Amino acid sequence: MKTILITGASTGFGRALSTEALKRGHQVALAVRTPGSVADLVEAYPGKAHAIRFDLTNPLDAERVVKETLEKFASLDVLINNAGYGLLAALEESTDEQLARNLETNFTGPFRLIRAVLPVMRAQQGGRVITMSAIAAYANHPGFAVYGGAKAALDAACDAASQEVASLGIKFTQVIPGPFRTDFIGRSLDQSPRLPDYEASVGKFGGFLSKMDGKQPGDPAKAASAILDLLNEEKPPFRLVIGAYGNNTFAKKIASMEAELNAWKEKGLPTDFLPGA
Ligand SMILES: NC(=O)c1ccc[n+]([C@@H]2O[C@H](COP(=O)([O-])OP(=O)(O)OC[C@H]3O[C@@H](n4cnc5c(N)ncnc54)[C@H](OP(=O)(O)O)[C@@H]3O)[C@@H](O)[C@H]2O)c1
């Protein structure tokens, strides 16, 4: 049995992960903006499920949520950095407020939370940090400049941190979904008013998202099961791409990056000093 801290446990992936973790007998700290949203889980799993008020945009919440988890369960083995939301806006359409709030939620807040759990994990010489990334961090779409940028920044931060703590028994995994059937493109999606010049790019992608809402191919319950299975792996992957859409898109991106690297090698390679210089 592990103690798992899960952010954004109210709906979508967070709820599926919390439900599956509790079913498997783990202790779960449910970090949510509205504790009432997980009252059913707290009632169904007395002593095992504990709701904690938490907002990623409040700089003081990271240390407090870790402290409250330790006070309740006297241990903390796994952080699942799940909460986040999308912003559909051309780079030029996003306001300062939208940019700040999205970065705070998808990058700075999760970063602070990782920083807050690491002292606990270092002291016990072990722990897992699992972060919900997004395919947009690797192969982006028009309209997800801010959102994909925030997720890519978190991926790079976790890449560095995972190497910093590898010898301390702390393991990181980035989970990379394509479209999954959650509230992500419904009630949670922030949007900017569209400039006519961006109708053909951002507007088209927005239309694709609206049509897909409620019909996304990815099943959050199956994802939750696959993600929690990683806790039994001695050597979990640094990146786990989930769902067919994500896997196909990721594979195409790797192939196109490799092709471009090779096509432009003659230009890029001869820029080092000559040997002995
Ligand atoms: N579903 C997809 O297609 C998809 C694809 C790629 C990546 N993802 C990622 O998966 C993660 C979970 O999203 P989801 O798909 O499950 O969508 P969701 O159903 O909309 O869930 C989002 C969760 O994040 C919480 N949240 C949002 N802002 C927060 C804040 N400032 N502080 C604390 N909690 C906050 C929400 O809380 P409230 O209930 O209070 O709003 C909710 O619990 C996100 O990081 C998202 O970027 C999803």
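Here, the structure is the one placed above.
Reference entry: report on the structure contained in this document. (Residues numbered from 1 in each chain as written. Predicted model: local features only at pLDDT ≥ 70, side-chain atom pairs only at ≥ 80, totals over all residues. Heavy atoms only, no water.)

**Details of the side chain of T105**
Along the chain, T105 falls in helix α4 (residues 96-124). Of note is the side chain of T105, whose polar atom sits 2.7 Å from the backbone oxygen of R101. If sequence neighbours within four positions are ignored, T105 has contacts with L56, T57, A83, G84, Y85 and P110. (Helix = DSSP H or I, 4+ residues; strand = E, 2+ residues; numbered from the N terminus. Polar contact = N/O pair within 3.5 Å; in protein donor to acceptor, adjacent residues only side chain to side chain. Contact = heavy atoms within 4.5 Å.)

**Comments concerning the sheet that holds strand β6 (residues 127-132)**
Read across the sheet, 7 strands follow the order β3-β2-β1-β4-β6-β7-β9 without closing on themselves; strand pairing throughout is parallel. Looking at which strands have only one partner, the edges of the open sheet turn out to be β3 (49-53) and β9 (239-242). The sheet shows a mean angle of 20° between the axes of neighbouring strands, direction not considered. Here 5 bridges tie strand β2 (residues 27-32) to β3, and the two strands are oriented parallel to one another. Note that in β3 the partner of A29 across the bridge is H50. (Pairing = 2+ DSSP bridges. Axes fitted to C-alpha atoms, helices over the stretch in contact; angles between N-to-C directions.)

**Topic: the packing of helix α1 (residues 12-23) against helix α7 (residues 220-229)**
Following both chains from N to C, one finds α1 and α7 inclined at 55°, their axes separated by 8 Å at the closest point. Of the possible angle classes, the one that applies to α1 and α7 is oblique. For the crossing formed where α1 meets α7, the hand is right-handed. From α1, G12, F13, A16, L17, E20 and A21 reach across to α7, where they touch P220, A221, A223, A224, S225, I227 and L228. The class makeup of the residues in the contact of α1 with α7 is 10 nonpolar, 2 polar and 1 charged. (Parallel < 35°, antiparallel > 145°, perpendicular 65-115°, else oblique. Left-handed = near helix turned anticlockwise from the far one by under 90°. Nonpolar A, V, L, I, M, F, W, Y, C, P; charged D, E, K, R; others polar.)

**Considering α7**
Within α7, burial applies to P220, A223, A224, I227 and L228. End-on, the buried residues of α7 take up no more than an arc of 125°, which puts them together on one face. Those residues of α7 that are buried lie in contact with β1 (3-7), α1, β4 (78-81), β6, β7 (170-177) and β9. Between the side-chain oxygen at the start of α7 and the backbone nitrogen of A221 there is a gap of 2.9 Å, and the oxygen is on D219. (Buried < 20%, exposed > 50% of the residue type's maximum accessible area, 1.4 Å probe, protein only. Arc of directions from axis to C-beta.)

**So, the site of the ligand**
Neighbouring residues of the ligand: 28 residues in total, closest S10, N82, Y147, T182 and S188. Note that an oxygen atom of the ligand is positioned 2.8 Å from one of the side-chain N or O atoms of R33. Backbone polar atom of N82 to an oxygen atom of the ligand: 2.7 Å apart, as the coordinates give it. Alone, the ligand offers 910 Å² of accessible surface; in the complex the protein occludes 94% of this. Sorting the residues of the shell around the ligand by element identifies α1 and α5 (145-164) as the ones contributing at least two each. The class makeup of the residues in the shell around the ligand is 11 nonpolar, 12 polar and 5 charged. (Near = heavy atom within 4 Å. Areas by Shrake-Rupley, 256 points an atom, 1.4 Å probe, with all protein chains shown as cover.)

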